[in-house]
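Each chain is listed here by its residues.
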Protein chains: 4
Amino acid sequence: MGRPPLKKGAIERSALELFVEKGVDGTSIRDIAQRAGVTEGALYRHHRSKDDLVRHLYLQSFTHFGEIMEALASTSTSPSDRIRLMIAQLVELHARDSYVFRYVLVLNHHLLKEVRVGERDFVAALARAIGGPSSDFIAQLVLGIIVQVSVAVESAQLPGKLADYSPRLIAAAMELVGKPL
Amino acid sequence: MGRPPLKKGAIERSALELFVEKGVDGTSIRDIAQRAGVTEGALYRHHRSKDDLVRHLYLQSFTHFGEIMEALASTSTSPSDRIRLMIAQLVELHARDSYVFRYVLVLNHHLLKEVRVGERDFVAALARAIGGPSSDFIAQLVLGIIVQVSVAVESAQLPGKLADYSPRLIAAAMELVGKPL
Amino acid sequence: MGRPPLKKGAIERSALELFVEKGVDGTSIRDIAQRAGVTEGALYRHHRSKDDLVRHLYLQSFTHFGEIMEALASTSTSPSDRIRLMIAQLVELHARDSYVFRYVLVLNHHLLKEVRVGERDFVAALARAIGGPSSDFIAQLVLGIIVQVSVAVESAQLPGKLADYSPRLIAAAMELVGKPL
Amino acid sequence: MGRPPLKKGAIERSALELFVEKGVDGTSIRDIAQRAGVTEGALYRHHRSKDDLVRHLYLQSFTHFGEIMEALASTSTSPSDRIRLMIAQLVELHARDSYVFRYVLVLNHHLLKEVRVGERDFVAALARAIGGPSSDFIAQLVLGIIVQVSVAVESAQLPGKLADYSPRLIAAAMELVGKPL
DNA sequence: AATGAATGAGATTTCATTCAT
DNA sequence: AATGAATGAAATCTCATTCAT
């Protein structure tokens, strides 16, 4: 009946990008509105506050990752293949949209605590696939190398792009998991 | 000389802690002053601006890390031992002062780029010790697992404290370096 | 004619209530729309602006009061009875709809000044019925005790409801008028 | 040590006046700052929020009134004289500072509820002096005529100023109290 | 007649910084 | 060396109003 929410998507995308580029606190509503080609008030039609927007994006992205990773977790291949697929998927997710990847994995560790209660949790899914007594710890190791390399690439500490390191990353991850290729 | 600057230390320490806890942009001068038990103006006696304080702390911490790591790099032990010592030292540095560790390693500073030009660079030192064509990449892997586990511990995603994971972290790092214990 | 304006009544009633409860400036268009079960735009179908709505309601209520009081003013009973009837009527008007009563009498409108020029003015009607050199002053006294007790009851400073105080209020008012019961 | 708070008084006075003139919600921080000859931020050095300022002024004024009225309540004159003194004092308080008078008596009835718990309460003091079973009710009548006439004078519905009506107001009040002069 | 997204202006509040004390 | 009131700019958010649907 009223206008369709033409700008909602632009607002959320702009926010996501800016949060990753400059940090949540380093991004102003005006920054978001400008990039989205909208006035500042428009944001509040769709989200009650900046904080609300931050959470919404986080929850959405986190759940998105969770769904993808859980789908892989229940494939019928061998355990070892499953792990390799999931690790490759993480790199693939970065390739597809490095902003979402970084928003979920590099930023906002304090939201992580809230969100991991009940939401589809890709970290838990990975740990489950790895199995064994140290699975939580090892899952963190795997995430750690991917995240660190992604950050290093982004900040030009390492040359090229993340995909260039994909095979070596996967090999390293499999080693950490205890199943060398 | 005149009176010693009684509050300078408190200001810098408070700033460091708050920058780690809430991020640089999430920390106000008032926050810092309050934690240091000082008023807002006092900060400007010692630093020209907030940005100046941020840089000063970063440079100081980064150089501190660099000196320690470079000292280890020139010990006379075997290459393999040297690497193990350096990795163990990173974990030890976290144990000694997790705030400095996180300020340097977790806050993904745009400052990192500036500072790595010319300052004593512990990342470069680690890479040199590792050697070989992929040394920069492998150094990032090693940093990645330590950083990630430190963050996971801090945010209670992993139980206990970082030191509890020290042997396993060192073992994993040596594996990444290609020199299993 | 076209369809009847189903929501007009709800909008105006909601506005009236909210203006009394939170003040005109403390009430937003959104507040009104929400209580009326309508969206913000709907209001502008019936009134050109918020200010227009405020005036319309005020004028309507003020005139309504004026008509009732003037009708009483021209009854054929004795002067003393006439006054008593009018005072009783004010209390009765509060009982019938305390929102309208308070909108007209408690919100000390700058509008009052405008509206009293030319509209059916119940304050003037009351003063005329009282008569004598101080009639305007005495009319204010009478209004004052009714308004004050109504506010005190509404804010629970006095127990019960206004009607409980009706006989005593009328007696007090007659005393002020100089015609004790 | 720091600057003395030169502007605090001006800010509070300006706020008080504007709140009375335009209502709390009708008064912006900018309005207050402008009248006080200060920038908007200055207000927040002395009060945490606009609401805080509103409350502070209310509490202060209310208590001020309470102290004065309670002092009169314990004078050694006859009960009848005491009441007359208190009524006269209310009119006098309006003469001395009609803004404070109106801020306490005409505005913000919702704060009244909070404040009357525990603070020096001039309404209660008046009721106590009046005595008898209906003392609370009668106190409201007395307040009602003073408030109403003060508002009528302010909005030019009655000519002159409140003081012009002082003898007649006191006489009317004594009548309501049941002790005609 | 009604919707509700979007606007543009303005409201409240925060904050790095300055400066009189 | 330190205080803390005050500034000025910017941040978050609200709101009356408009307009495509």
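Residues numbered from 1 in each chain as written. Chains lettered and ligands numbered in written order. Predicted model: local features only at pLDDT ≥ 70, side-chain atom pairs only at ≥ 80, totals over all residues. Heavy atoms only, no water.

1. Regarding the overall build of chain A
To be explicit about the condition: The helix count covers DSSP runs of H or I at least four residues long, the strand count covers runs of E at least two residues long, and both are numbered beginning at the N terminus. Think of it in three bands: with a 1.4 Å probe and only protein chains considered, a residue is buried below 20% of the maximum accessible area for its type, exposed above 50%, and partly exposed in between.
Within chain A one finds ten helices and zero strands. Order of helices (α) and strands (β) in chain A, N terminus to C terminus: α-α-α-α-α-α-α-α-α-α. Each of the three principal axes of chain A carries a C-alpha extent, and together these read 55 × 35 × 30 Å. A burial count over chain A gives 50% of its 181 residues as buried.

2. Comments concerning the pattern of salt bridges
As a reminder, the rule being used: We define a salt bridge as a contact between a side-chain nitrogen of Lys or Arg and a carboxyl oxygen of Asp or Glu at a distance within 4 Å.
Tallied over the entire structure, the rule returns 52 salt bridges over all chains. A salt bridge links E154 of chain A to R102 of chain A; its shortest N-O distance comes to 3.5 Å. Residue E154 of chain A is located in helix 9 (residues 135-154), and its partner R102 of chain A is located in helix 6 (residues 98-105); the two are separated by 52 residues in the primary sequence. Residue class for R102 of chain A comes out buried when judged on its relative accessible area of 11%. Across the pair D164 of chain D and K161 of chain D runs a salt bridge whose closest N-O atoms are separated by 3.6 Å.

3. Overview of the interface of chain A and chain B
Interfaces are frequently sized by the accessible area removed from exposure as the parts join. Spelled out, the test is: Contact criterion: two residues are considered in contact whenever any of their non-hydrogen atoms come within 4.5 Å of each other. Values labelled buried area give the accessible surface lost by two parts on being combined, using a 1.4 Å probe and summing over both. For this analysis, a polar contact is any N or O atom pair within 3.5 Å, provided that within protein one partner can donate a hydrogen and the other can accept it, and provided that sequence-adjacent residues contribute only side-chain to side-chain pairs.
Between chain A and chain B, the contact holds 30 residues from the first and 29 residues from the second. Buried surface at the junction of chain A and chain B, both sides included, amounts to about 2,500 Å², of which 67% is carbon and sulfur. Viewed at the interface, chain B and chain A are joined by zero salt bridges. One can count four residue pairs in polar contact (both at pLDDT 80 or more) joining chain A with chain B. Counting residues per element, the ones that place at least two in the side of chain A that touches chain B are helix 7 (109-115), helix 9 and helix 10 (166-177) of chain A.

4. What about the domain arrangement of chain A?
All names here are of chain A. What counts is decided by this rule: An automatic or database domain assignment provides the domain bounds reported here. Each residue is assigned to one class: nonpolar for Ala, Val, Leu, Ile, Met, Phe, Trp, Tyr, Cys and Pro, charged for Asp, Glu, Lys and Arg, and polar for all the others, Gly among them.
Each assigned domain of chain A is listed with its residue range as follows: domain 1 (1-47) and domain 2 (49-177). One C-alpha centre belongs to domain 1, the other to domain 2, and the line joining them spans 26 Å. Taken together, the contact between domain 1 and domain 2 spans 16 residues of the former and 15 residues of the latter. Across the domain 1/domain 2 interface, buried area totals approximately 1,400 Å², and carbon plus sulfur atoms make up 73% of it. Where domain 1 touches domain 2, the interface holds one salt bridge. At the junction of domain 1 with domain 2, the criterion picks out five residue pairs in polar contact (both at pLDDT 80 or more). The element that contributes the greatest number of residues to the side of domain 1 that touches domain 2 is helix 1 (residues 8-22), accounting for eight residues. In the side of domain 1 that touches domain 2, the residues fall into nine nonpolar, two polar and five charged.

5. Considerations on the arrangement of the chains
Chain B makes no contact with chain C; the smallest distance between any of their C-alpha atoms is 32 Å. Across all C-alpha pairs, the smallest distance from chain A to chain D is 19 Å, and the two are not in contact.

6. Focus on the relation of the copies chain A and chain B
Let me state the cut-off plainly: Copy-to-copy alignment: least squares on C-alpha atoms, limited to residues at pLDDT 70 or above in both.
Between the two copies, chain A and chain B, the superposition gives an RMSD of 0.3 Å; the rotation angle is 179 degrees and the shift along the axis is 0.1 Å. In the structure described here, the two chain copies are related by an operation that fits a two-fold rotation axis. In terms of C-alpha distance to the rotation axis, chain A has G144 of chain A as its closest residue, with the C-alpha 2.3 Å off the axis. Here 93% of the contact residues of chain A are again contact residues in chain B; the copies associate through an equivalent surface.

7. Examining helix 1 of chain A
Residue and element names in this part refer to chain A. Where we set the bar: What a helix is expected to span follows from its residue count: subtract one and scale by 1.5 Å.
Relative to the 21 Å expected for 15 residues at 1.5 Å per residue, helix 1 spans 21 Å between its end C-alpha atoms, a close match to the ideal helical length. Considered for burial, the residues of helix 1 that qualify are I11, E12, S14, A15, L16, E17, L18, F19 and V20. Phi for G23, located one or two positions after helix 1, is positive at around 85 degrees.

8. Things to note about the packing of aromatic side chains
Heads up, the condition is: Pairing of aromatic rings covers Phe, Tyr and the six-membered ring of Trp, with a centre-to-centre limit of 6.5 Å; geometry is then stacked below 30 degrees between planes, edge-to-face above 60, and tilted otherwise. Note on geometry: a ring has a charge over it if NZ (lysine) or CZ (arginine) is within 6 Å of the ring centre and within 35 degrees of the ring normal.
Counting across every chain of the model gives 28 aromatic pairs over all chains. Seen in terms of ring centroids, Y165 of chain C and F137 of chain D are 5.3 Å apart; in terms of plane orientation they differ by 10 degrees. Their pairing is stacked. Here Y165 of chain C is found in the loop between helix 9 (135-154) and helix 10 (166-177), whereas its partner F137 of chain D is found in helix 9 (residues 135-154) on a different chain. Like F137 of chain D, Y165 of chain C is buried. Lying across the ring of F137 of chain B, R168 of chain A places its NZ or CZ 4.9 Å from the centre. The aromatic ring of Y99 of chain B is capped on one face by R102 of chain B, whose charged end is 5.0 Å from the ring centroid.

9. Focus on the confidence of the model for chain A
Short version of the rule: The predictor reports its confidence for every residue as pLDDT, a score running from 0 up to 100.
On average, residues of chain A score 93 in pLDDT, and 98% of them reach the 70 mark or higher. Ranking the helices and strands of chain A by mean pLDDT puts helix 2 (residues 29-36) of chain A first, with 98, and helix 7 of chain A last, with 81.

10. Remarks on the packing of helix 6 (residues 98-105) of chain D against helix 9 of chain D
All names here are of chain D. What counts here: Lines fitted to the C-alpha atoms define the axes, with helices restricted to the stretch that makes contact. Angles between their N-to-C directions range from 0 to 180 degrees. Angles below 35 degrees are treated as roughly parallel, those above 145 as roughly antiparallel, those between 65 and 115 as roughly perpendicular, and all remaining angles as oblique. Each crossing gets its hand from how the near helix is turned against the far one by less than a right angle, where anticlockwise is left-handed and clockwise is right-handed.
The contact between helix 6 and helix 9 brings their axes to 11 Å, and the two run at 125 degrees. On the basis of the axis angle, helix 6 is oblique to helix 9. The handedness of the crossing between helix 6 and helix 9 is left-handed. Here S98, F101, R102 and L105 of helix 6 come into contact with helix 9, specifically with L143, I146, V147, S150 and E154.

11. Let's talk about the environment of H47 of chain C
Residue and element names in this part refer to chain C. You can see H47 is positioned in the loop between helix 3 (43-46) and helix 4 (50-73). Excluding its chain neighbours within four sequence positions, the residues that come into contact with H47 are K8, E12, D52, L53 and H56. Looking at H47, its side chain comes within polar contact range of the side chain of E12, at 2.8 Å.

12. What about the side chain of Q157 of chain C?
By the element assignment, Q157 of chain C lies in the loop between helix 9 and helix 10. Only 2.9 Å separates the side chain of Q157 of chain C from the side chain of S155 of chain C, close enough to count as a polar contact. Apart from residues lying up to four places away in sequence, Q157 of chain C is in contact with A152 of chain C together with L112, R116 and Q140 of chain D.

13. Overview of the packing of helix 1 (residues 8-22) of chain D against helix 4 (residues 50-73) of chain D
Residue and element names in this part refer to chain D. Look at helix 1 against helix 4: their axes get within 11 Å of each other, and the N-to-C directions meet at 90 degrees. In terms of orientation, helix 1 lies roughly perpendicular with respect to helix 4. The residues of helix 4 that touch helix 1, namely those facing E12, A15, L16 and F19, are K50, L53, V54, H56, L57 and Q60. Grouping the amino acids of the contact of helix 1 with helix 4 by side-chain chemistry returns six nonpolar, two polar and two charged.

14. Looking at the environment of A95 of chain C
Residue and element names in this part refer to chain C. Structurally, the position occupied by A95 is in helix 5 (residues 79-96). Owing to a relative accessible area of 54%, A95 belongs among the exposed residues under this scheme. For the pair A95 and S166, spaced 71 residues apart in sequence, the C-alpha to C-alpha distance is 10.0 Å.

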